[in-house]
Amino acid sequence: MHEHPTDEPCSTSFPPAVLRPGELTSFSRGGGARTVPLVTRAVGAEVFLSGQTLFEGGAGIALHTHNCPESVTILEGDAIVEIDGTEHHVTRFDTTYVAAGTPHRFRNASATEPMRILWIYASVDATRTLVETGVTARIDAEHVKAAAEDG
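Worth saying up front: this structure is predicted, and the values here are computed from it rather than measured.

1. A few points about the sheet that holds strand β8 (residues 95-98)
Read from one edge of the open sheet, six strands run β1-β2-β3-β10-β5-β8, paired in antiparallel fashion. Edge positions in the sheet fall to β1 (27-30) and β8, since each of these pairs with one other strand and no more. Strand-to-strand twist of the sheet, defined as the mean angle between neighbouring strand axes without regard to direction, takes the value 25 degrees. Two strands pair when backbone bridges link them, and strand β3 (residues 49-55) and strand β10 (residues 115-121) are joined in this way by seven bridges, in the antiparallel orientation. Counterpart to T53 in the pairing with β10 is I117.

Following this line, the structure appears as structure tokens:
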């Protein structure tokens, strides 16, 4: 395992930021899910990415993998998370940690109430590969593409 010297910064200097999801642009993920990017290259991220996805009642996202570990915390509502073929019921503040290459997906356990997650990717170069199609896209490129389509 690579050890990082404790006296050496893991990132260059960047201005601090306060990010308010309600004031930021959200991007449709399809099927009733919308994502708000938070910590991205646009605010100086060099090590990880984070954001939130809001799922309408009954909404879910397709089975996918990433090229790096991902952690997801349920901020609001109840969800069903499928990880490597096993479903788990998760609720507010429950957190998942999924290794790179592990198929997973989230869906709202409620048909009527919203569900919100906070996601963190262990790399600014994180990608998502859809299991069904094999199509891979950079996470941050999805946000740029969606902004161009919305604008």
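2. Brief notes about the side chain of T102
On the secondary structure map, T102 appears in the loop between β8 and β9 (104-108). Dropping the residues within four chain positions of it, T102 is found in contact with H64, T65, I83 and D84.

3. Details of the confidence of the model for the chain
Within the chain, residue pLDDT values average 90, and 86% of them lie at 70 or more. A low-confidence stretch, residues 146-151 stays under pLDDT 50, and its non-local contacts, those more than four residues away or across chains, total four contacts.

4. Let's talk about unusual backbone geometry
Phi at D84 takes a positive value of approximately 50 degrees, unusual for a residue other than glycine. Classification of D84 as exposed rests on a relative accessible area of 55%. Here F93, not a glycine, exhibits a phi torsion of approximately 75 degrees, which is positive. Inspection of the secondary structure assignment puts F93 in the loop between β7 (86-91) and β8. What makes F93 exposed here is its relative accessible area of 53%.

Parameters and conventions
- Residues numbered from 1 in each chain as written.
- Predicted model: local features only at pLDDT ≥ 70, side-chain atom pairs only at ≥ 80, totals over all residues.
- Heavy atoms only, no water.
- Pairing = 2+ DSSP bridges.
- Helix = DSSP H or I, 4+ residues; strand = E, 2+ residues; numbered from the N terminus.
- Axes fitted to C-alpha atoms, helices over the stretch in contact; angles between N-to-C directions.
- Contact = heavy atoms within 4.5 Å.
- pLDDT = per-residue confidence, 0-100.
- Buried < 20%, exposed > 50% of the residue type's maximum accessible area, 1.4 Å probe, protein only.

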